[in-house]
Amino acid sequence: MGSQGGFYQSKEFLDLVKSIGEARSKAEEDRIVLGEIDTLKRRISEPDIPKRKMKEYIIRLVYVEMLGHDASFGYIHAVKMTHDDSLLVKRTGYLAVTLFLNEDHDLIILIVNTIQKDLKSDNYLVVCAALNAVCKLINEETIPAVLPQVVELLAHPKEAVRKKAIMALHRFYQKSPSSVSHLVSNFRKRLCDNDPGVMGATLCPLFDLITIDVNSYKDLVISFVSILKQVAERRLPKAYDYHQMPAPFIQIKLLKILALLGSGDKQASENMYTVVGDIFRKCDSSSNIGNAVLYECICCVSSIYPNPKLLESAADAISRFLKSDSHNLKYMGIDALGRLIKISPEIAEQHQLAVIDCLEDPDDTLKRKTFELLYKMTKSTNVEVIVDRMIDYMISINDNHFKTEIASRCVELAEQFAPSNQWFIQTMNKVFEHAGDLVNIKVAHNLMRLIAEGFGEDDDTADSQLRSSAVDSYLHILGEPKLPSVFLQVICWVLGEYGTADGKYSASFITGKLCDVAEAYSNDETVKAYAVTALMKIYAFEIAAGSKVDMLPECQSLMEEFLASHSTDLQQRAYELQAVIGLDAHAVESIMPSDASCEDIEVDKALSFLNGYIQDSIEKGAQPYIPESERSGMLNISKFRNQDHHEASSHGLRFEAYELPKQTVQSRIPPASLASTELVPVPEPMYARESYPTTTVSSASSDAGSTELKLRLDGVQKKWGRQTHSPATSTSSTTSQKTVNGITQVDGSNTSNSRTRETYESRKQQVEITPEKQKLAASLFGGSSKTEKKPATGHKISKSSSYMVEKSHVPKSSMEIASEKKAPIQQPPDLLDFGEPTIQSNAPSIDPFKELEGLLEPTTEVASAKNHSSTAAATKSPDIMGLYTDTPAGIHNKDDSDILSGLSNPPVTHMLDGTTRTQVAQSSKGPNLKDSLQKDALVRQMGVTPSSPNPILFKDLLG
Amino acid sequence: MIKAVMVMNTQGKTRLAKFYEYLPVEKQQELIRGVFAVLCSRAENVSNFIDAESIFGPDSRLVYKHFATLYFVFVFDSSENELAVLDLIQVFVETLDRCFKNVCELDVVFNYSKVHTILDEMIFGGQVVETSSSEIMKAVEEISKLEAASNAITLIPKSASGWRSR
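Residues numbered from 1 in each chain as written. Chains lettered and ligands numbered in written order. Predicted model: local features only at pLDDT ≥ 70, side-chain atom pairs only at ≥ 80, totals over all residues. Heavy atoms only, no water.

- By the naming in an unreviewed UniProt entry, chain B goes by AP complex subunit sigma and is assigned to Hibiscus sabdariffa.

- Per an unreviewed UniProt entry, chain A goes by the name AP-4 complex subunit epsilon and belongs to Hibiscus sabdariffa.
- Under the Sequence similarities (unreviewed entry) heading, UniProt states for chain A: "Belongs to the adaptor complexes large subunit family."
- The heading Function (unreviewed entry) in the UniProt record of chain A holds the text "Subunit of novel type of clathrin- or non-clathrin-associated protein coat involved in targeting proteins from the trans-Golgi network (TGN) to the endosomal-lysosomal system." (UniProt positions renumbered as here; feature names shortened; annotations may be inferred.)

Structure, rendered in structure tokens:
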């Protein structure tokens, strides 16, 4: 077929293609195509064009449109072609309309009739062409018009037609499940079709159906298994062999289906073991397709109820993949590893080197996949290395999409596993600096909260050191040009709150810096608002401390500018600042006590402080409040609830009252903070502190003391600090509220408004992340996820006390500390609710892995041990001990030497380094100085010295 | 499900584009350009897989294969297996090769509708319906024969009959 004369398109088309091929620039190509469009427009509307010509025009139109130019003028001609009697013309017409039109196009109505007719045609090719169009062009409304014919075609003698009819039906199901729900049984029937092609095609819709509803298809397990068995035994026609594999594509689809059906179902899974094992054996791992089937087997094995033998085969296959030279196979290996570590985390260890190789591979796809895997296997022991790697990679890429993704993963990991708060702050600084505004704002809020709450232990020195170091680092970073807005907000807030707290910097220095920020980023109102509020705080602290306040000239000019600002928010803030400065020390102190952003704020839900007022009003003849249940036709306007309660009651309006706590929070707050927070979620203790008790800000009313409003914040996710994890994680009801109030630690550092928002955000975040995290954590670490999530107490105490013997003591001590702090630290029942309702049964089943893991990584072990004891109880530790026949101390030395023996490879060294660092950092954080020194000594004794770049941290904290 | 099939040459000229979910022309072009930009930047001897989420949105992967002057690109979601799709490309190309004998870029350009026919036999509404190259060939041959027979005007010229006789 060599010469071009052999092509049946005309010379013109040939020239067109040629000239486009030779076009040097896009502009030249566009010119040629536009010329072609003109020609086609002219020609196509001429009368009496021969069919053959017309067909060519249409093909040329399709071509033009493929190149990205509008060919809509010819659509109608394509539609006309579908009416033609000639098969070739008709098929061309159908091809063109399926490419040109979408299901909602106006011209569809002209085609439906033709399709209906063609579906009844005697010529099966016409039927096929029509079915093709059906797939693409029929929408929900037109389904009934063709449905009967399509169903009839399921029994068509030609297998090609049956196949396509099945797919068309599948398409209908995708578009509108309800319209074909009564026909779903047809898919099952077609599974027994004589033709393997039809059977194979039927697997597609069945896969979709099973994905949606596994349980109604459990009865098919046996059938699928027997089909798979037959396929694997080469019972299908030879034509389906591909590279010596019997129908590999069908095998893959079947394995996918089995993976779904066997997931979490022991009985169903048992039926599959034999056949999957057979395929593992039979697969030819030298061909690409053989590996595809192998990979699918691994996926299947990791999804169904675990079987040790199969897991072993899977692990073998994975190591073959990872050792292969082919990048494709490495990629698949990494992916498969990510799946398998969910059930047997220990296998990751043997592939460490391969994984690190992939991480350093120039292939970006592979690199990303590997980061995904690392993300999956992160635990508190390796978080530093992994997050460092991620940040390095994040800095190196330009693609915003991946930057965002990686940044959010870094943040997530850091929040989850941070070994120390200081490390967390440093990591966040890096993320903010490099990913900037790609980071979600709630991350910033979390960071502020962390700084405000500190360690959550009664260790004020450490807290203030943390803050000072944060202030130091921020003052340093402020020197850099062009910082992202989110980061600046954090900086302003921290400087305002703690800039002068340690006396290192003078108020004028800090205020000067803040003014600089406000000037340098004059386009960013949010940042300016943060800056003004920070200024206000600094001045308030000064006044409260009794010193005289001199406003810097640049600050004054800034204020003048803001007082006349177009932004009402800025204006308000500026006026507030003015007002605060004019007050005396006592008043200022009660408005803005220093470092009180974390104080509890109690919210009196019953609004009892209004009782007297209501009494008065009722005596004066106002209507009493009618409970919601007794009202009808209520005004569902939540806005009204923003009004003060008394106002509401005196009007006697019918409100939808107080049933949803979160609404209450939202609605009650705005009147307090007024317009100032409309746009800007700016954290200011001033509002927080003042507004809650008093309900009105600016007036600074004096009834502050008498009120006991209680703010409900039980949805707030708390990652650090005292482990007052609020029990109600769901959007729970008011009933849980009472208990919550007592323990919920309120971060009073934000404006009321911003807090509301944050509440929502963190609540949302919780909903979003938890299932995933829980699953991950549960499968990777078993019960340990619970404690690992809370590094604050969890690690610090037990972390590096590597002696097994200590184990039984360690958890106890942590308990003690916990109880001292009177917060329900240890096992908030809600945490368990997340993914695994039954810990008791779960923890033991996962234990073995964790124990094995412990063999390789000393730190986790202890952490996990601790978890056992905290979840399951101390009885667990004898079990663990039982596993090691050695003496506990001996084990550890052995482990370490194991790891050390791997030191020869640089990446591993790095890894190890990280681990040690973690240990050290963690050990240093123990609440008990002696303990931590001891642990540190132990770590050194084991031959790992903290050669890490930041031993300062460690020194810092030890004091 | 398979979201799109594209064939483009090494200069970025589209030779075939088929999207299984409707997209406006401009969007299609944008995606094709996006894909080409990524393909260009790929070194040799790297994997054939690309994480396409930044181009095609969540849950989309891309597998490509480079043959002479052409890139064959399949975009699909997590319900397919990457390696298998790589072989699906192989099946597609093998079929083209059997159909055109030593298929080259120009065959794809000039036998536009035939390439579509082959693809339609393989992938129907985004699902893989046929993976056997010889079955696809059989179907395509039959279509050509009937098309030829049903047409008063002989539209299937030498080229198409050429491969049949061979």
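## A look at the overall build of chain A
Line of reasoning, step 1. For chain A, the count of helices and strands is 49 helices and two strands.
Line of reasoning, step 2. With 959 residues in all, chain A has 60% of them scored as buried.
Line of reasoning, step 3. Of the contacts made within chain A by residues no fewer than 6 positions apart, 70% connect residues no fewer than 24 positions apart.
Line of reasoning, step 4. A total of about 38,100 Å² of accessible surface is found on chain A, and carbon and sulfur atoms cover 53% of it. (Helix = DSSP H or I, 4+ residues; strand = E, 2+ residues; numbered from the N terminus. Buried < 20%, exposed > 50% of the residue type's maximum accessible area, 1.4 Å probe, protein only. Contact = heavy atoms within 4.5 Å. Areas by Shrake-Rupley, 256 points an atom, 1.4 Å probe, with all protein chains shown as cover.)

## Here we look at the pairing of strand E2 (residues 14–19) of chain B
All names here are of chain B.
Line of reasoning, step 1. With six of six residues buried, E2 is to be regarded as a mostly interior element.
Line of reasoning, step 2. Across five bridges, strand E1 (residues 2–9) lies against E2 in antiparallel orientation. In the strand pairing of E2, Met6 is matched with Ala17.
Line of reasoning, step 3. Here E1 hands over to E2 after four residues, with Gly12 in that stretch at a positive phi of 95°. (Pairing = 2+ DSSP bridges.)

## Some details on the sheet that holds strand E4 (residues 61–67) of chain B
Residue and element names in this part refer to chain B.
Line of reasoning, step 1. Strand order in this open sheet of five strands is E2-E1-E5-E4-E3, and the pairing throughout is antiparallel. Each having just a single partner strand, E2 and strand E3 (49–51) make up the two edges of the open sheet. Recorded for the sheet is a direction-independent mean angle of 15° between the axes of neighbouring strands.
Line of reasoning, step 2. Note: E3 against E4, three bridges, orientation antiparallel. Bridged to Phe49 within E4 is Val63.
Line of reasoning, step 3. Sheet contacts for helix H1 (residues 25–40): E1, E2, E3, E4 and strand E5 (70–76); angle to E1, the most-contacted strand, approximately 65°. (Axes fitted to C-alpha atoms, helices over the stretch in contact; angles between N-to-C directions.)

## Some words on the environment of Leu340 of chain A
All names here are of chain A.
Line of reasoning, step 1. With respect to the helices, strands and loops of the structure, Leu340 is situated in helix H18 (residues 327–340).
Line of reasoning, step 2. Taking the C-alpha atoms as reference points, Leu340 and Ile298, separated by 42 residues in sequence, lie 7.7 Å from one another.
Line of reasoning, step 3. Beyond its immediate sequence surroundings of up to four residues, Leu340 is in contact with Ser302, Leu311, Ala314, Ala315, Ile318 and Ile347.

## As for the confidence of the model for chain B
Residues and elements named next belong to chain B.
Line of reasoning, step 1. In this model, chain B carries a mean pLDDT of 83, and residues with pLDDT of at least 70 account for 90%.
Line of reasoning, step 2. Element-level pLDDT for chain B is lowest in helix H7 (residues 158–165), with a mean of 45, against a maximum mean of 92 in E5.
Line of reasoning, step 3. In the predicted structure, residues 152–166 sits below a pLDDT of 50 and forms 26 contacts with residues beyond four places in sequence or in another chain. (pLDDT = per-residue confidence, 0-100.)

## Brief notes about a negative patch on the surface
Residues and elements named next belong to chain A.
Line of reasoning, step 1. A contiguous patch of negative charge on the surface is contributed by Asp516, Glu519, Glu554 and Glu561.
Line of reasoning, step 2. Looking at the negative patch, the elements that each hand over two or more residues are helix H28 (507–520) and helix H30 (553–563).
Line of reasoning, step 3. Along the chain, the position of Glu554 falls in helix H30. (Patch = residues over 30% accessible without salt bridge, like charges linked within 9 Å, V, L, I, M, F, W, Y side chains within 5 Å. Salt bridge = Lys/Arg side-chain N within 4 Å of Asp/Glu carboxyl O. Lys, Arg positive; Asp, Glu negative; His and termini not counted. Charge placed at Lys NZ, Arg CZ, Asp CG, Glu CD.)

## Overview of the nonpolar core
Line of reasoning, step 1. Ranked by internal contacts, the top residues of the largest apolar core, which has 293 residues, are Phe224 and Tyr474 of chain A together with Phe92 of chain B.
Line of reasoning, step 2. Once residues lying within four places of it in the same chain are set aside, the contact partners of Phe92 of chain B are Val7, Leu16, Phe72, Phe74, Val115, Ile118, Leu119 and Met122 of chain B. (Core = buried A, V, L, I, M, F, W, Y, C linked by side-chain atoms within 4.5 Å.)

## A word on the interface of chain A and chain B
Line of reasoning, step 1. In this complex, chain A contributes 79 residues to the contact, which on the side of chain B involves 69 residues.
Line of reasoning, step 2. Of the roughly 6,700 Å² buried between chain A and chain B on both sides combined, carbon and sulfur atoms contribute 59%.
Line of reasoning, step 3. Summed over the shared surface of chain A and chain B, the result is six salt bridges.
Line of reasoning, step 4. Across the pair Glu142 of chain B and Lys158 of chain A runs a salt bridge whose closest N-O atoms are separated by 3.3 Å. (Buried area = accessible area lost by both parts, 1.4 Å probe.)

## Some remarks on the packing of aromatic side chains
Line of reasoning, step 1. By the definition in use, this model includes 15 aromatic pairs over all chains.
Line of reasoning, step 2. With a centroid separation of 6.1 Å and an interplanar angle of 90°, the aromatic rings of Phe13 of chain A and Phe110 of chain B are classed as edge-to-face. Of this pair, Phe13 of chain A sits in helix H1 (residues 11–22) while Phe110 of chain B sits in helix H4 (residues 105–110), which puts the two residues in different chains.
Line of reasoning, step 3. Given the relative accessible area of 0%, Phe13 of chain A is considered buried.
Line of reasoning, step 4. An aromatic cluster of at least three residues, connected via ring pairs, comprises Phe13 and Tyr63 of chain A together with Phe110 and Tyr112 of chain B.
Line of reasoning, step 5. When the ring centre of Phe207 of chain A is taken as reference, the NZ or CZ atom of Lys253 of chain A above it lies at 4.9 Å. (Phe/Tyr/Trp six-rings, centres within 6.5 Å; stacked < 30°, edge-to-face > 60°. Lys NZ or Arg CZ within 6 Å of the ring centre and 35° of its normal.)

## A look at the side chain of Glu296 of chain A
Line of reasoning, step 1. Positionally, Glu296 of chain A belongs in helix H16 (residues 288–303).
Line of reasoning, step 2. Owing to a relative accessible area of 3%, Glu296 of chain A belongs among the buried residues under this scheme.
Line of reasoning, step 3. Excluding residues that lie within four positions of it along the chain, Glu296 of chain A makes contacts with Ile252, Leu255 and Lys256 of chain A together with Asn81 of chain B.

## Some points on unusual backbone geometry
Line of reasoning, step 1. With a phi close to 55°, Asp59 of chain B is a non-glycine residue in the positive phi region.
Line of reasoning, step 2. Considering the arrangement of structural elements, one finds Asp59 of chain B in the loop between helix H2 (53–56) and E4.

## Thoughts on the pattern of salt bridges
Residues and elements named next belong to chain A.
Line of reasoning, step 1. One pass over the structure, following the stated rule, counts 38 salt bridges over all chains.
Line of reasoning, step 2. Salt-bridge contacts for Arg339 lead to Asp335; the nearest nitrogen and oxygen are separated by 3.0 Å. Highlighted residues: Arg339 and Asp335, both in helix H18, separated by four residues, approximately one helical turn.
Line of reasoning, step 3. By relative accessible area, Arg339 is classed as partly exposed at 29%.
Line of reasoning, step 4. With a relative accessible area of 6%, Asp335 lands in the buried category.
Line of reasoning, step 5. A salt bridge links Lys430 to Asp388; the shortest N-O distance between them is 3.8 Å. Taken as a pair, Lys430 in helix H24 (residues 421–435) and Asp388 in helix H22 (residues 383–396) lie far apart in primary sequence, 42 residues in all.
Line of reasoning, step 6. Among the charged side chains, a salt-bridge network with shared partners connects Glu12, Glu36, Arg43, Glu56 and Arg60.

## As for the pairing of E5 of chain B
All names here are of chain B.
Line of reasoning, step 1. The element E5 is largely enclosed, with a buried count of seven among its seven residues.
Line of reasoning, step 2. The side-chain alternation of E5 yields two buried faces, one formed by Leu70, Phe72, Phe74 and Phe76 and the other by Tyr71, Val73 and Val75.
Line of reasoning, step 3. Bridge count between E1 and E5: seven bridges; the pairing is antiparallel. The partner of Met8 across the bridge, within E5, is Tyr71.
Line of reasoning, step 4. Alignment of E4 against E5, held across seven bridges, turns out to be antiparallel. In the sheet register, His66 faces E5, and the bridge partner there is Tyr71.
Line of reasoning, step 5. Hairpin connection between E4 and E5: a loop of two residues separates the two successive antiparallel strands, and Ala68 in this loop has a positive phi of roughly 45°.

## Here we look at empty space enclosed by the protein
The gaps left among the atoms become clear once a water-sized probe is rolled over them.
Line of reasoning, step 1. Here the structure, examined in full by the defined rule, presents 19 cavities of 30 Å³ or more.
Line of reasoning, step 2. In terms of lining residues, the largest cavity is bounded by 41 residues, among which Leu95 and Thr98 of chain A together with Lys18, His116 and Asp120 of chain B are the most central.
Line of reasoning, step 3. Elements with a minimum of two residues in the lining of the largest cavity: helix H3 (51–66), helix H5 (87–100) and helix H7 (124–137) of chain A together with E2, helix H5 (112–122), strand E6 (123–124) and helix H6 (133–150) of chain B.
Line of reasoning, step 4. Tallying contributions element by element places H5 of chain A first for the lining of the largest cavity, with eight residues.
Line of reasoning, step 5. Tallied by class, residues from the lining of the largest cavity come to 22 nonpolar, nine polar and ten charged.
Line of reasoning, step 6. In this structure, the second largest cavity spans a volume of roughly 240 Å³.
Line of reasoning, step 7. As for the second largest cavity, its lining consists of 22 residues, of which Phe249, Ile250 and Lys253 of chain A together with Val128 and Thr131 of chain B are closest to the centre.
Line of reasoning, step 8. Within the residue set of the lining of the second largest cavity, elements represented by two or more residues are helix H12 (196–212) and helix H14 (248–262) of chain A together with helix H3 (82–100) and strand E7 (127–128) of chain B.
Line of reasoning, step 9. Counted by class, the lining of the second largest cavity contains twelve nonpolar, six polar and four charged residues. (1 Å grid on protein atoms, 1.4 Å probe; cavity = no way out; pocket = protein on both sides within 12 Å on 5 of 7 lines; lining within 4 Å. Points joined across faces, edges and corners; volume = space filled by probe spheres on them. Nonpolar A, V, L, I, M, F, W, Y, C, P; charged D, E, K, R; others polar.)

## Examining a nonpolar patch on the surface
Residue and element names in this part refer to chain A.
Line of reasoning, step 1. Taken together, the side chains of Ile76, Ile109 and Leu110 make up a nonpolar region of the molecular surface, amounting to roughly 280 Å² of accessible area.
Line of reasoning, step 2. Its location among the elements puts Ile76 in helix H4 (residues 75–82).
Line of reasoning, step 3. For Ile76, a relative accessible area of 35% puts it in the partly exposed group.

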